[in-house]
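Per-entry structural report
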Amino acid sequence: MNKAKTKKKQTFWTWLHQNRIRVFLWAFLIIIPISLILIAYVGSYTHNKKVHFDQTETAETEFIKDFLSPDEITSLELFIEWDQLRYPDYDENSDQYFNGYYRFNIWYQPKLNYQINSVNVTPVLQTDWINYRSLGQLTTIYPTYRGMHVDFNYNLPTSPLLLVNVKEPNLYMKVIINITVAGTQSEQTVYVKYDLSNINPNLVVQ
C-alpha cells in the first residue's frame, strides 16, 4: 500500500516537473488575471463602504462602517421621504457637472419615555463601488416635516466595473440627539443609512 502511494506521488511530481512551463503559463494566463480582478472588485467594494462626515478627510477623520436603519434608533423613529431629484447639468468647457441635488423631507417621532430636546442631522450622499460623495449641511429637524437638501453633481447611472451598475447613492446620516430621560439630559450620536436603490423621488426636477 505504501509503495503504491509513493509511486503515485512520484508520478504526479514527475508530471508536474515535465509540464512546469505549461503549468506556469496556465497560472499566468488564468489564475493571476482572475486574482487581480477579484482584488479590484473587493477593494472597490470595501473602500466605498467606509463613510465619514468631515468636510475634508484628515488623519483624525473617523470612518463609520456600521449603520442603523431609520427605525432602529433607541430614542426615536426617523422618517425620511425622498422628495426631489435633479440630475446635474454638464458644462463641456469645464468638463464639470453642476446644479444636481437630492431633497428629502425628514422628521421624527419620539419613542415612549424619551423627551427629545433637539435632533441635528448631517447628511452624506455616497455611492457603492465608486468614490462619488457629497456632504450636506447640518440640519435641525423636528416632529414635523423639514426639508434637507444635498447637492450631488455626478453622472449616474454608471458602470465602474464589469457587471456593476451604480444607479443611486446611499443617504448616510450622522444624527445627534439631545434627550432627557428621568430628569437627566444627555447626548446620543447614531449613524443611519437610507437605501435609495428601490425607491423613487416624488418629483424629478428638470
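Scroll up a little and you will see the structure.
Residues numbered from 1 in each chain as written. Predicted model: local features only at pLDDT ≥ 70, side-chain atom pairs only at ≥ 80, totals over all residues. Heavy atoms only, no water.

Once that is clear, we can look at the pairing of strand β5 (residues 115–126). With nine of 12 residues buried, β5 is to be regarded as a mostly interior element. Pairing of β5 with strand β7 (residues 139–141), which is carried by three bridges, proceeds in the antiparallel orientation. The residue bridging Val121 from the neighbouring strand is Thr139, located in β7. Taken together, the three bridges between β5 and strand β6 (residues 133–135) define a ladder with antiparallel strand orientation. Note on β6: the bridge partner recorded for Val124 is Leu135. (Buried < 20%, exposed > 50% of the residue type's maximum accessible area, 1.4 Å probe, protein only. Helix = DSSP H or I, 4+ residues; strand = E, 2+ residues; numbered from the N terminus. Pairing = 2+ DSSP bridges.)

One finds Leu78, Tyr102, Phe104, Val119, Met173, Val175 and Ile177 to be the most contacted residues of the largest nonpolar core, which totals 32 residues. Sorting the residues of this core by element identifies β1 (76–86), β4 (101–110), β5, β8 (146–151), β10 (164–166), β11 (170–181) and β12 (184–194) as the ones contributing at least two each. Setting aside chain neighbours within four positions, we find Val175 in contact with Leu78, Val119, Asn120, Val121, Gln188, Thr189, Val190 and Val192. (Core = buried A, V, L, I, M, F, W, Y, C linked by side-chain atoms within 4.5 Å. Contact = heavy atoms within 4.5 Å.)

What follows concerns the pairing of β11. Buried residues dominate β11, accounting for nine of its 12 residues. Pairing of β11 with β12, which is carried by 11 bridges, proceeds in the antiparallel orientation. Bridging across to β12, Leu171 finds its partner in Tyr194. Adjacent in sequence and paired antiparallel, β11 and β12 are bridged by two residues, among which Ala182 carries a positive phi angle near 55 degrees.

Attention shifts here to the environment of Leu85. Topologically, Leu85 is positioned in strand β1. Residues Leu85 and Tyr101, spaced 16 residues apart in sequence, show a C-alpha to C-alpha distance of 6.0 Å. Not counting chain neighbours up to four residues away, the residues in contact with Leu85 comprise Tyr101, Tyr102, Glu168, Pro201, Leu203, Val204 and Val205.

Take unusual backbone geometry next. For the peptide bond that leads from Leu156 to Pro157, omega is 0 degrees, which places it in the cis range. Looking at the secondary structure, you find Pro157 in the loop between β8 and β9 (158–161). A positive phi angle, close to 55 degrees, is found at Asp95, a residue other than glycine. Judged by relative accessible area, Asp95 falls into the exposed class, the value being 54%. A positive phi angle is found at Asn99, which is not glycine, with a value near 70 degrees. Mapped onto the elements, Asn99 comes out in the loop between β3 (96–98) and β4.

On to the sheet that holds β1, then. Spatially, β8-β4-β1-β13 is the arrangement adopted by the four strands of the open sheet, whose pairing is mixed. Either end of the sheet is taken by a strand with one partner, and the two such strands are β8 and β13 (203–205). Pairs of neighbouring strands in the sheet enclose a mean axial angle of 30 degrees, with direction left out of account. The pairing of β4 with β8 spans six bridges and is antiparallel. Directly across from Tyr102, in β8, lies its bridge partner Val150. (Axes fitted to C-alpha atoms, helices over the stretch in contact; angles between N-to-C directions.)

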